[in-house]
Amino acid sequence: MPTGGPISGARTSVRIVVVGDRGTGKSSLIAAAAAETFRQEVPPVLPPTRLPADYYPDNVPIVIIDTSSSLENRGRLAEELKRADAVVLTYACDQPSTLNRLSSFWLQELRRLEIKAPVIVAGCKLDRRTEEYNLSIEMVPLMQQFREIETCIECSAANMLQIQEVFYFAQKAVLHPTAPLFDQETQTLRPRCMRALKRIFVLCDHDMDGILNDDELNEFQVKCFNAPLQPAEIVGVKRVVQEKLPEGVSELGLTLTGFLFLHALFIEKGRIETTWTVLRKFGYSDELKLRDDYLLIPNKKAPDQSVELTSEAVEFLKGIFSTFDDDKDGVLRESELEDLFSTAPESPWNEAPYKDAVGRTPLRGISLSGFLSEWALMTSLDPAQSIANLIYIGYHCNAASALHITRRRLVDRKKQQTERNVFQCFVFGPKSAGKSALLMSLLGRYGPNLHMQEFIRGNKKTLILREVPEDGVKKLLSNKESLAACDVAVFVYDSSSEYSFKGATELLSYVARQGEESGFGMPSLLIAAKNDLGSNPAVNKDSAKICLDMGIDAPIPVSVKERDLNDVFSRIVNAAEHPHLSVPETELAAVRSDTASLSIVLLCVSQLLSESPCDPVDTWHTAYVREHSLISLYTIVRVVRKRIVGAAATFVGLAAYRAYAARKNASS
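Every value quoted in this text rests on a predicted model; they were computed, and no experiment measured them. (Residues numbered from 1 in each chain as written. Predicted model: local features only at pLDDT ≥ 70, side-chain atom pairs only at ≥ 80, totals over all residues. Heavy atoms only, no water.)

A.B. asks: Just to check I follow, could you spell out the overall build of the protein chain for this structure?
C.D. replies: A tally of regular secondary structure across the protein chain gives 26 helices and 21 strands. By residue count, 48% of the 668 residues in the protein chain fall in the buried class. The long-range fraction of contacts in the protein chain, counting pairs at least 24 apart against all pairs at least 6 apart in sequence, stands at 73%. Accessible area for the protein chain stands at about 33400 Å²; split by element, carbon and sulfur atoms hold 52% of it. (Helix = DSSP H or I, 4+ residues; strand = E, 2+ residues; numbered from the N terminus. Buried < 20%, exposed > 50% of the residue type's maximum accessible area, 1.4 Å probe, protein only. Contact = heavy atoms within 4.5 Å. Areas by Shrake-Rupley, 256 points an atom, 1.4 Å probe, with all protein chains shown as cover.)

Here it is in structure tokens:
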């Protein structure tokens, strides 16, 4: 079936380290490969040797490192092994003791050093063996014990026998590794390989009938190997499959089962490069994930910008949900969800933070709302993973049509509105305040845990709730950009406890101060939890004063026990939708604001009395520059803040008086 040369991924060279007992022929093996002839005299240890790119069909150059097995060179040997892409481990065919040392020392040493590179076992000096020998009898048990061994081969530098093959197999083990694709022990394709091949099969099955007909097979062949199949060759391929696996072929063509069997057969026959060529043509890396260059994710965004799915991508996901909802009950069962992601390396939602991020039915089913919530969460946290999984499940358009980078939150604040549909909310609060209970209650009501969706004024809004433990706040805020992703913050406290309220307000002040200093301040809300226990009068009084002083809304009372959440979801979203409101102002910010306001009034009055024009822009700039010299006016500023209307009235009165005086002088 395959023709043409394989492709080798993104590697620009392969580094092969040759190790083994003294006198096993390491240096002669390397010298013979480089010179393509036998050299009688070679140094004990050769310098690094390079085989050019055109030495083998993959067109990737090879660097071969010779080593010494002496005790004084063990440190350098270990360093070279850790840098190796592949290891050639030698023994002498005429010295059985060196063969025994492979398992008793060398392979154990490679494991001790945690060398993950593939190993090629090479028996040198084959020309010196005088007795009959069955290689498989010795090597099969060795390969079963040490799965890192890719190939065993015997060679002779003197007779130039299988010298090139040694390094060909070493290069091949690096460029076309067996381990990611095939389980040697069970002799089956690995799950991730099967999922990748299934996706390729689905992409090539243009009429979506579950069969690759002759035309589709030919198109696949041309895409991967740049050459068409002749009719007789197609018949031959199907005959081979049918003889071994009857269900692999139907009267219409090759089934998915037959397609997978064919690739397993290639690998068993030593043609693993064929399967790798197919995988790489469809964008896969050595880890059997789509390569970064295949995804083309836009990465230029400011810290306070976020990434959302476009309406086009959301409509695609709705269609996919409907397609895999076999019983049309509006819920994807676990089996249906697994089928949906069967062409991805694995289901992306089996691990944190996605595993329990949305509400599930008692049978672990997921609704359309929860399904879209998971995608919104993944897009917000990891856009590259989101676009990769969209492609895995059949999205054919580019990343630009699937992802939308939102406007900067700083700009939203200036414009006093936002166009975002997904908001991220940080949940702060002292221990035992009721944070987790509140989130779990929202889980029961809205479906998701970290994630909720609800129609707000006709638009579907998604809220990502991130609980921040009290002892994790300092670590979070140690990063100056940590608040950039936060659209709104809530501070939860036990309404019956003065201690809890104090802890919440201290956190509020600390976070607000960090927001002011970093420029990433956000709307904030206080949530008075455990309202069923009865609110503390002192807390009520203090909370009213703090909210007034900081310029935020009054606390929202909630009771999880009584299932009274007081429309908290909508109120959080509403705060996020108005990024210029409910942004807490600390005392330092108030001083700066009041000082600037007082400075403007004083400067304007001064300029008015001196008959100088008062340019508001210049006045504001001057006031800001003089801010630090006016900090001593703090007490006056606090008075001015309360009487700013009076100050403005005085200013207007002075202006009126000047106009009156001018008219009086003119008339006289």
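More follows now that the structure is in view.
A.B. asks: What's the story with the side chain of T310 in this structure? I'm lost.
C.D. replies: Tracing the backbone through its elements, the reader meets T310 in the loop between β12 (307–309) and α12 (311–324). From its side chain, T310 meets the backbone oxygen of S401 in a polar contact 2.5 Å long. The contact partners of T310, leaving out residues within four places of it in the chain, are A400, S401, A402, L403 and H404. (Polar contact = N/O pair within 3.5 Å; in protein donor to acceptor, adjacent residues only side chain to side chain.)

A.B. asks: Got a minute to help me understand the UniProt feature "domain: EF-hand" (unreviewed entry) in the protein chain in this structure?
C.D. replies: The sites that UniProt annotates as "domain: EF-hand" (unreviewed entry) are residues 312–347. For residues 312–347, helix accounts for 56% and strand for 6%, while the C-alpha atoms at its two ends are 22 Å apart. (UniProt positions renumbered as here; feature names shortened; annotations may be inferred.)

A.B. asks: Explain the pattern of salt bridges to me, please; I cannot follow it from the model alone.
C.D. replies: For side chains of opposite charge, pairing can occur when their charged atoms come near one another. On inspection of all chains with the given rule, the structure shows 26 salt bridges. Ionic pairing is found between K172 and E273, a salt bridge with its closest N-O pair at 3.3 Å. Taken together, the residues K172 in helix α5 (residues 163–175) and E273 in helix α10 (residues 272–281) connect sequence positions 101 residues apart. Note that R420 is salt-bridged to D412, the shortest N-O span being 3.8 Å. R420 sits in the buried class, given a relative accessible area of 3%. What makes D412 buried here is its relative accessible area of 2%. (Salt bridge = Lys/Arg side-chain N within 4 Å of Asp/Glu carboxyl O.)

A.B. asks: Just checking my understanding: could you explain the sheet that holds strand β1 (residues 14–20) for this structure?
C.D. replies: Across a sheet, paired strands are connected by hydrogen bonds in the backbone, their directions being either parallel or antiparallel. Read across the open sheet, the 6 strands follow the order β2-β3-β1-β4-β5-β6; overall the sheet is mixed. At either margin of the open sheet sits one strand with a lone partner, and together these are β2 (49–51) and β6 (149–154). Recorded for the sheet is a direction-independent mean angle of 25 degrees between the axes of neighbouring strands. Across 5 bridges, the pairing between strand β5 (residues 119–124) and β6 is parallel. (Pairing = 2+ DSSP bridges. Axes fitted to C-alpha atoms, helices over the stretch in contact; angles between N-to-C directions.)

A.B. asks: For this particular structure, what's the right way to read the packing of aromatic side chains?
C.D. replies: Where two aromatic rings form a pair, the distance of their centres and the angle of their planes describe that pair. Using the criterion set out here, one finds 16 aromatic pairs in the structure. Centre to centre, the rings of F321 and F371 are 5.4 Å apart; their planes meet at 55 degrees, and the pair counts as tilted. Of the two residues, F321 sits in helix α12 while F371 sits in helix α14 (residues 368–381), which places them 50 residues apart along the sequence. Here the two residues F321 and F371 agree in accessibility, since each one is buried. The interplanar angle of 75 degrees and the centroid separation of 5.2 Å between the aromatic rings of F341 and W349 together place this pair among those described as edge-to-face. In this structure F341 comes out as buried when scored by relative accessible area, which is 0%. These aromatic residues form a ring-pair network of at least three members: F321, F341, W349, F371 and W375. A cation over a ring is seen here: K223 above F282, with NZ or CZ 4.9 Å from the ring centre. Against the face of F426 rests R466, its NZ or CZ located 5.1 Å from the ring centre. (Phe/Tyr/Trp six-rings, centres within 6.5 Å; stacked < 30°, edge-to-face > 60°. Lys NZ or Arg CZ within 6 Å of the ring centre and 35° of its normal.)

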